[in-house]
Amino acid sequence: MTVTGTGELSTGVALACLGSAAWLAGGWHSGVRRARAVLAEGGKGGTGPPSVRRVTERLWRACRRLGFEWWAPAAGLALALLGASVLPLLAGAAGVPALRRTRRAGDARRARERRQDAVLALCGALAGEVRAGRQPGEALLYAERDSGGLGTAQAAVLAAARFGGDVPAALAAAARQPGAEGLRGLAACWRVAVDQGAGLAAGLDRLEGALRAERDQRADLRAQLAGARATAVMLAGLPVLGLLLGVALGSDPLHVLLHTGAGLGCLLGGGLLEGLGVWWVTRIVRGAEAVS
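Residues numbered from 1 in each chain as written. Predicted model: local features only at pLDDT ≥ 70, side-chain atom pairs only at ≥ 80, totals over all residues. Heavy atoms only, no water.

(A) Structural context of the packing of helix 4 (residues 71-83) against helix 5 (residues 87-131). Helix 5 packs onto helix 4 with a crossing angle of 175° between their chain directions and a minimal axis gap of 7 Å. For the element pair helix 4 / helix 5, the angle class is roughly antiparallel. Residues A72, P73, G76, L77, L79 and A80 of helix 4 form the contact with helix 5, whose own contacting residues are P88, L89, G92, A93, V96 and L99. Split into classes, the residues belonging to the contact of helix 4 with helix 5 amount to 10 nonpolar, 2 polar and no charged. (Axes fitted to C-alpha atoms, helices over the stretch in contact; angles between N-to-C directions. Helix = DSSP H or I, 4+ residues; strand = E, 2+ residues; numbered from the N terminus. Parallel < 35°, antiparallel > 145°, perpendicular 65-115°, else oblique. Contact = heavy atoms within 4.5 Å. Nonpolar A, V, L, I, M, F, W, Y, C, P; charged D, E, K, R; others polar.)

(B) Looking closely at the side chain of Q116. Inspection of the secondary structure puts Q116 in helix 5. In this structure Q116 comes out as buried when scored by relative accessible area, which is 17%. (Buried < 20%, exposed > 50% of the residue type's maximum accessible area, 1.4 Å probe, protein only.)

(C) Summary view of the packing of aromatic side chains. Scanning the entire structure with this criterion turns up 1 aromatic pair. The positively charged end of R134 is found above the aromatic ring belonging to Y142, 3.8 Å away from the centroid. (Phe/Tyr/Trp six-rings, centres within 6.5 Å; stacked < 30°, edge-to-face > 60°. Lys NZ or Arg CZ within 6 Å of the ring centre and 35° of its normal.)

(D) Main features of helix 8 (residues 167-174). All of the buried residues along helix 8 are V167, P168, A170, L171 and A174. The arc enclosing the buried residues of helix 8, seen along the axis, measures out at 160°, which places them on a common side. Its side-chain oxygen 3.3 Å from the backbone nitrogen of A169, D166 forms the N-cap of helix 8. (Arc of directions from axis to C-beta. Polar contact = N/O pair within 3.5 Å; in protein donor to acceptor, adjacent residues only side chain to side chain.)

(E) Representation of the state of the cysteines. Within the structure shown, the criterion is met by 0 disulfides. Here C123 stays free of any disulfide, with the sulfur of C189 as its closest cysteine sulfur at 7.6 Å. (Disulfide = S-S within 2.5 Å.)

(F) View of the environment of V233. Counting through the fold element by element, V233 comes out in helix 10 (residues 200-248). Counting along the chain gives 45 residues from V233 to V278, while the straight-line C-alpha distance between them is 8.4 Å.

(G) Focus on the pattern of salt bridges. Summed over all chains, the structure comprises 13 salt bridges. We note a salt bridge from E69 to R100, for which the minimum N-O separation is 3.7 Å. Placement of E69 in the loop between helix 3 (50-66) and helix 4 and of R100 in helix 5 is noted, with a sequence separation of 31 residues between them. R215 is the partner of D216 in a salt bridge, and the nearest nitrogen-oxygen pair spans 4.0 Å. Taking relative accessible area as the criterion, D216 reaches 43% and is therefore assigned partly exposed. When its relative accessible area of 29% is taken as the criterion, R215 is described as partly exposed. Where salt bridges share partners, they join E69, R100, R103, D107 and R110 into one cluster. (Salt bridge = Lys/Arg side-chain N within 4 Å of Asp/Glu carboxyl O.)

(H) Up close: the environment of R286. As for its position among the elements, R286 is in helix 12 (residues 261-291). R286 gets classed as exposed once you look at its relative accessible area, which sits at 55%. When the C-alpha positions of R286 and L225 are compared, they lie 9.8 Å apart, and in sequence the two are 61 residues distant.

(I) View of the nonpolar core. Within the largest apolar cluster, 33 residues are counted, with the highest numbers of intra-cluster contacts made by L126, L140, L171, L183 and L186. Residue assignment for this core shows that the elements contributing at least two residues are helix 5, helix 6 (136-147), helix 7 (154-162), helix 8, helix 9 (182-196) and helix 10. Here this core gets 7 residues from one element, more than from any other, and that element is helix 5. Not counting the four nearest positions on each side in its chain, L126 is found in contact with P136, A139, L140, A143, L186, W190 and L204. (Core = buried A, V, L, I, M, F, W, Y, C linked by side-chain atoms within 4.5 Å.)

(J) The arrangement of the side chain of E208 in detail. Within the element layout of this structure, E208 appears in helix 10. Separated by 2.8 Å, the side chains of E208 and R212 make a polar contact. Excluding residues within four positions of it along the chain, E208 makes contact with L120, C123 and G124.

(K) Highlighting unusual backbone geometry. Although it is not a glycine, A84 adopts a positive phi angle of roughly 55°. By secondary structure assignment, the location of A84 is in the loop between helix 4 and helix 5.

This is the structure:
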């Protein structure tokens, strides 16, 4: 069966825009990594013209500042123009806050993981400096310079270490940062080593091992939950596939959904079920991560 008329073509173009927006929202961070790699190669003597590289870098920075959540109203505007209805635009605008929260939660999670890795590196570097014969305060200064595991509390902790202040208390305060909870263990090791003369390097080795095991456990859990996330994304994209099948069969699904009573009822019910399903899967995944 052949597809005739401009309505079907317009609907196909709109759905393609919607699919592109969904892909960009789901695979944004992997695309960022690929783009950074390409741009890094270009900056090291790639074959692309310098002007093209500069324009690409500026465009990519602008997209990063804008945030992927703004693809939702862009796709809604395209569907609103092609479907002659304001409903897609309203739905796209309503999705911006939710997508922004998702993006910010992802940024916070990645910042927390980076801080956890920095604390782990700090423990290893500090143990090495202590074994090399440095005093604990001096060793902390050198280890922090190499690892950067103290985050925003770096000045307070380093000042306490340099001028003979209460280093364990400063480390405990720094541990309030998300992802820096391992500094509480470092504070305990420091207090025991100073008050009771125990070996600081041995305690740091045990602390580093515990933090490393915890990180590996989180990575293993994330790998196990990746299948559930991929399934949720695939199921969320099935309605788009259904609309594309409708276009291929020669119908006009946008007109049916946006301009008929039955279509509006199906759109409302399907949207509610879709949102409920995504929320339920997200709740299950977050619950599993919280238990770990």
